Amino acid sequence: MRKTKIHGGFLLCFLMNLILNLEWSVPAWILLALHFWLKISIWWFAGALGLWIVLMLGQTIVIEWVNRSSEPTKPQENKNPYSVGQPRNKDGN
């Protein structure tokens, strides 16, 4: 897989992950609406929103770790004398 030359960094990846998974924060927003409607504690909203942020942070850390560990190995010197290859003729045989 081809890698880009632009390295966005962890914070940019985390912000993009938050934006792409915005629907996971819907329970927190429902709890905020219930706070204003039924007067439940605001801490339920803060806890749900904090849990969403922690989950997205964990997901971003895993994605960064997998991306870092997927670098291809460097080419090694061929030390096998039998795999050097035969000289080819002009017609490719």
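Residues numbered from 1 in each chain as written. Predicted model: local features only at pLDDT ≥ 70, side-chain atom pairs only at ≥ 80, totals over all residues. Heavy atoms only, no water.

A description of the overall build of the protein should follow, citing residues and the corresponding values.
Helices and strands together make up the secondary structure of the protein, namely three helices and zero strands. Helices and strands in the protein line up, N terminus first, as α-α-α. Evaluated residue by residue, the protein yields a buried proportion of 12% over its 93 residues. Long-range pairs, those at least 24 residues apart, make up 64% of the contacts in the protein with a sequence separation of at least 6. (Helix = DSSP H or I, 4+ residues; strand = E, 2+ residues; numbered from the N terminus. Buried < 20%, exposed > 50% of the residue type's maximum accessible area, 1.4 Å probe, protein only. Contact = heavy atoms within 4.5 Å.)

Please give an account of a nonpolar patch on the surface that cites residues and values.
On the surface, L12, M16, I19 and L20 cluster together into a nonpolar patch covering about 420 Å² of accessible area. Relative to the assigned elements, I19 resides in helix α1 (residues 10-20). (Patch = residues over 30% accessible without salt bridge, like charges linked within 9 Å, V, L, I, M, F, W, Y side chains within 5 Å. Areas by Shrake-Rupley, 256 points an atom, 1.4 Å probe, with all protein chains shown as cover. Salt bridge = Lys/Arg side-chain N within 4 Å of Asp/Glu carboxyl O.)

Kindly report on the side chain of T60, identifying the contributing residues and their values.
Assignment of secondary structure puts T60 in helix α3 (residues 42-69). The exposure class of T60 is buried, given its relative accessible area of 2%. A distance of 2.8 Å separates a polar atom in the side chain of T60 from the backbone oxygen of M56. With near-sequence residues (within four places) excluded, T60 lies in contact with F10, C13, F14 and N17. (Polar contact = N/O pair within 3.5 Å; in protein donor to acceptor, adjacent residues only side chain to side chain.)

Can you break down α1 residue by residue, with the values?
Buried within α1 are the following residues: F14, N17 and L18. For α1, the buried positions fall inside an angular range of 100 degrees around the axis, keeping them on one side. In α1, the exposed positions that point more than 90 degrees away from the buried face belong to I19 and L20. Buried residues along α1 sit in contact with α3. (Arc of directions from axis to C-beta.)

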